[in-house]
Amino acid sequence: MFGDNLSFISDTTIAACNGQGCNMKDKFRANFKIALPAAIVSLILLLVLSFNSDISGTVEHSYNLIQIIPYVLVLVGGIIGINHNKTSPSTILTVHYARLKELGDVVIYDFTAPDEVVNRLADTDIALTNKVVIDREIMSQLPRLRYVGVLATGYNVVDVAAARSFGITVTNVPAYSTNSVAQMVFAHLLNVVNGVGRYAENNRNGRWSMQRDFCYVDIPQREIASMSLGIVGLGNIGRKVADIAHAFGMKVYAATSKTAAELPDFITKCQLEQLYAVADVLTLHCPATEETTRMIRTETISRMKDGVIIINTGRGTLIDEHAVADAVREGKIEAYCTDVMTQEPPAADNELLATDSVYSTPHIAWATREARQRLIDTVVQNVKSFIEGHAVNVV
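Nothing here was measured: the structure is a model prediction, and the numbers come from that model. (Residues numbered from 1 in each chain as written. Predicted model: local features only at pLDDT ≥ 70, side-chain atom pairs only at ≥ 80, totals over all residues. Heavy atoms only, no water.)

Q: With reference to specific residues and values, describe unusual backbone geometry.
A: The step from Glu 344 to Pro 345 runs through a cis peptide bond, and the omega angle for that step is -5 degrees. Summarising the element assignment, Pro 345 is placed in the loop between strand S15 (333–338) and strand S16 (358–360). Phi is positive for Ala 175, close to 65 degrees, though the residue is something other than glycine. Here Ala 175 lies in the loop between strand S9 (169–171) and helix H6 (178–194). When its relative accessible area of 38% is taken as the criterion, Ala 175 is described as partly exposed. Look at His 363: it is not a glycine, yet its phi comes out positive at around 50 degrees. Mapped onto the elements of the fold, His 363 is located in the loop between S16 and helix H12 (369–387). (Helix = DSSP H or I, 4+ residues; strand = E, 2+ residues; numbered from the N terminus. Buried < 20%, exposed > 50% of the residue type's maximum accessible area, 1.4 Å probe, protein only.)

Written as structure tokens, this is what we have:
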């Protein structure tokens, strides 16, 4: 498959950079033991392979990696935003690196500049990236590169057409965060209709203790079973959201490329214009394309119900941020709930951050402990399958 490289690569490097240009973190270095079957050769080759990986963090770990075939691997986009605070109850770091424990000795560093990407990928067969762009220009300087694994479902950070022209295989990690993202959609929705966060904060400040009666109500409580949900995009996540909404008793509508015959009875297929008109809650699960960029803007918002709730766990570019902020301030949009921004991290003066009834989470819908583990497991399996000559999850 790779000619002479299959047997004669003498070192490996795995590096991970986390962010486009400025957020690359955590350099990994691993030693690999490579054994060739005795039936083919009468000796075992022990090969030390090192890899650098920028996955966010500032701590050090050591692991060992055993592989059958020697390759040079480099991660240029690891796991974003891993919490390395050892007092954190989430222990996210331990969970994700536990799977990598089988892969090699790991040393983690902070940050990698954009102009270091090519240097970090030099003499590399395999690259893994999360947010670092690997485009045609970069590929043209990496003659040895044969594989790029994206540590995410979306793969817009890689020029797939260029990769094909260079004979480079590109893979992604599909569906690893379906449950997590769908769960975040309803965390946002329930926060709006029940005000859990607001009540908790008020009560910490003594509000309940000062009441004459046994309870107080300053946020209207509503049942989402009385609401209609409009879903834009019915892929894995959109369909999971539909299932949960149905379980809550919501009426479910979807703008989707699927035919009505492909949908369960509880999902009504409709065009976007119809969706805007019927949805009490609009949730976005479509890819970012030229067609969908700023699909939520002043014009389309005007066609929605007064008091619509919009939830965006897709891409920040799906909305016009200024138009949404204006509509929230004017009351046309009751609440805008988002896990994504056009620019991440957002500028300190981003008006959405300062607008009441805008609820933002820092792009963490994908980041449950279980989803991170599925991500790492799939990434490892993707690489192993590629090395064994039967690549999976190819895009």
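Continuing now.
Q: For the pattern of salt bridges, give the residues involved together with the corresponding values.
A: On inspection of all chains with the given rule, the structure shows 13 salt bridges. Between Arg 297 and Glu 299 there is a salt bridge; the shortest N-O distance is 3.6 Å. One salt bridge in this structure joins Glu 351 and Arg 329, with 2.9 Å as the shortest N-O distance. Linking Glu 351 in the loop between S15 and S16 with Arg 329 in helix H11 (residues 321–330), this pair joins segments that are 22 residues apart in sequence. Glu 351 sits in the partly exposed class, given a relative accessible area of 25%. According to the relative accessible area criterion, Arg 329 is partly exposed, its value standing at 46%. (Salt bridge = Lys/Arg side-chain N within 4 Å of Asp/Glu carboxyl O.)

Q: Could you give me a rundown of the sheet that holds strand S14 (residues 308–312), with the residues and numbers involved?
A: Ordered by their spatial adjacency, seven strands build an open sheet running S12-S11-S10-S13-S14-S15-S16, and the pairing between neighbours is parallel. Unpaired on one side and paired on the other, strand S12 (267–269) and S16 mark the two borders of the sheet. Taking the axes of each pair of neighbouring strands and ignoring which way they run, one obtains an average angle of 20 degrees across the sheet. Two strands pair when backbone bridges link them, and S14 and S15 are joined in this way by five bridges, in the parallel orientation. Paired with Val 308 across the bridge in S15 is Ile 333. Lying on the sheet, helix H8 (residues 236–248) is in contact with strand S10 (228–232), strand S11 (251–255), S12 and strand S13 (281–284); it crosses S10 at an angle near 175 degrees. The sheet contacts of H11 involve S15 and S16, and relative to S15 the element is tilted by about 140 degrees. (Pairing = 2+ DSSP bridges. Axes fitted to C-alpha atoms, helices over the stretch in contact; angles between N-to-C directions. Contact = heavy atoms within 4.5 Å.)

Q: Explain the nonpolar core residue by residue, including any values.
A: With 28 residues, the main nonpolar core has Leu 282, Ile 296 and Val 324 as its most contacted residues. Sorting elements by how many residues they give to this core places H11 first, with five residues. Those residues within four positions of Leu 282 in sequence are excluded, and the remaining contacts are Gly 230, Val 232, Leu 275, Tyr 276, Ile 296, Met 304, Val 308, Ile 309, Ile 310 and Ile 311. In terms of nonpolar packing, the next biggest core, distinct from the first, is built from 24 residues, Val 252, Ala 254, Leu 263 and Ile 311 among them. (Core = buried A, V, L, I, M, F, W, Y, C linked by side-chain atoms within 4.5 Å.)

Q: Any chance you could break down the environment of Ile 301 for me, citing the residues and the numbers?
A: Looking at the element boundaries, Ile 301 is found in helix H10 (residues 298–301). Between the C-alpha atoms of Ile 301 and Ala 327, which are 26 residues apart in sequence, the distance is 7.7 Å. Beyond its immediate chain neighbours, meaning those up to four positions away, Ile 301 contacts Ile 296, Ala 323, Val 324, Ala 327, Lys 332 and Ile 333.

Q: Run through the environment of Lys 240, naming residues and quoting values.
A: Its place among the elements puts Lys 240 in helix H8. When the C-alpha atoms of Lys 240 and Thr 178 are compared, they prove to be 7.1 Å apart, with 62 residues separating the residues in sequence. Among residues more than four places away in sequence, those in contact with Lys 240 are Thr 178, Asn 179 and Ala 182.

Q: Could you give an account of the confidence of the model for the chain, naming the residues involved and the relevant values?
A: Per-residue pLDDT for the chain has a mean of 78; in total, 71% of the residues score no lower than 70. Counting contacts from residues 1–72, a segment whose pLDDT is below 50, to residues more than four positions away or on other chains yields 275 contacts. Counting contacts from residues 76–95, a segment whose pLDDT is below 50, to residues more than four positions away or on other chains yields 65 contacts. (pLDDT = per-residue confidence, 0-100.)

Q: How would you sum up the packing of H6 against H8? Please name residues and give values.
A: Here H6 crosses H8 at 45 degrees, and the two axes come no closer than 9 Å. With respect to H8, the axis of H6 lies oblique. As H6 packs across H8, the resulting crossing turns out to be right-handed. For the pair formed by H6 and H8, the contact residues are Thr 178, Asn 179, Val 181, Ala 182, Val 185, Phe 186 and Leu 190 on the first element and Asn 236, Ile 237, Lys 240, Val 241, Ile 244, Ala 245 and Phe 248 on the second. Its residues placed into classes, the contact of H6 with H8 shows ten nonpolar, three polar and one charged. (Parallel < 35°, antiparallel > 145°, perpendicular 65-115°, else oblique. Left-handed = near helix turned anticlockwise from the far one by under 90°. Nonpolar A, V, L, I, M, F, W, Y, C, P; charged D, E, K, R; others polar.)

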